Amino acid sequence: MIRRLSVPPLEALEPYLPRIAVPDPETRRVVAGILDDVAANGDAAVRAYTLEFDGVDLPPQAWELESAAWQSALGRIAAPIRDALAQSVHRVSEYHQRQRETGYHLTEDDGSLIGMKVAPLDRVGLYVPGGKASYPSTVVMNAVPALVAGVQEIIAVVPPQGVTDVVLAACALSGVTRVFRVGGAQAIGALAF
């Protein structure tokens, strides 16, 4: 059965609209403290929070996954899944190619040159969650637009316990250049600082 609503008044829609969740003040306080600590203490803070929250004590030199370790995930997944990932990368790339801006230059009558230059960022960081929210689409929808824009270094952070081979294969196909085993707010802080 289709429900019919008559508006105005627009308030009639209120019960059917999604609620915007706002983090509670305690969560904000804790996350702000983690970010402040990572900004001030760098890798040592990231390592301590990884031990506290993930139960894994990884020294900074063990954070980065060797390229071969995640590139080889392409061979560990079923061919139909690999093909579906490749197709999604292709489609997302084609879509974002249409959004590329090259900029422009105009010469005014007085000889002055005005315009806009569009240049990609040097690097971007992607947070790739694990657990129930570990989706290859997270990688594709974030890495491919950066790749299309011309970003040279695309860094993904994944939980220290790892992610599925499908997610790692998505990294390989989507243009990710480096993968680090660091998760949570401390990973966001590490990317930012």
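Note: the structure precedes this text.
Attention in this report is confined to the structure presented alongside it. The residue count restarts for each chain, going from 1 along the sequence in the order it is written. Predicted model: local features are reported for residues with pLDDT of at least 70 only, side-chain atom pairs are reported and counted for 80 or more only, and whole-chain, interface and lining totals are derived from all residues. Heavy atoms throughout the structure, all of them, feed into the side-chain values; hydrogens and water do not.

1. As for the pattern of salt bridges
Charged atoms that come close allow side chains of opposite charge to pair. A side-chain nitrogen of Lys or Arg and a carboxyl oxygen of Asp or Glu constitute a salt bridge if their distance falls within 4 Å. Evaluation of the coordinates by the stated rule reveals six salt bridges. The salt bridge partner of R76 is D165, with a shortest N-O separation of 2.9 Å. Note that R76 is positioned in helix α3 (residues 73–76) and D165 in helix α6 (residues 165–174), a separation of 89 residues in sequence. For D165, a relative accessible area of 27% corresponds to the partly exposed category. The shortest N-O distance in the salt bridge between E153 and R178 comes to 3.1 Å. With E153 in strand β5 (residues 153–158) and R178 in strand β6 (residues 178–181), this pair connects stretches of sequence that are 25 residues apart. Under the relative-accessibility criterion, E153 is labelled buried at 18%. Taken together, the shared-partner salt bridges in this structure form one network comprising E64, R123, E153 and R178. The helix and strand labels rest on DSSP assignments: H or I over at least four residues marks a helix, E over at least two residues marks a strand, and numbering proceeds from the N terminus. Exposure is judged per residue with a 1.4 Å probe applied to protein chains only, and the accessible area is read against the type maximum: over 50% gives exposed, under 20% gives buried, and values in between give partly exposed.

2. So, the nonpolar core
Within soluble globular proteins, side chains that are nonpolar tend to cluster in buried spots. Within the largest apolar cluster, 29 residues are counted, with the highest numbers of intra-cluster contacts made by W70, V128, V139, I154, C171, V176 and V179. Going through the elements one at a time, α3, α4 (79–97), β4 (123–127), α5 (136–149), β5 and α6 are the ones with two or more residues in this core. Residue contacts are defined here by distance: any two heavy atoms, one from each residue, within 4.5 Å place the two residues in contact. Beyond its immediate sequence surroundings of up to four residues, I154 is in contact with V124, L126, A143, A146, L147, G175, V176, T177 and R178. We define a nonpolar core as any set of buried Ala, Val, Leu, Ile, Met, Phe, Trp, Tyr and Cys residues linked to one another through side-chain atoms lying within 4.5 Å. Core analysis: the next-biggest nonpolar cluster, separate from the first, contains 13 residues, I34, V38, V46 and A187 among them.

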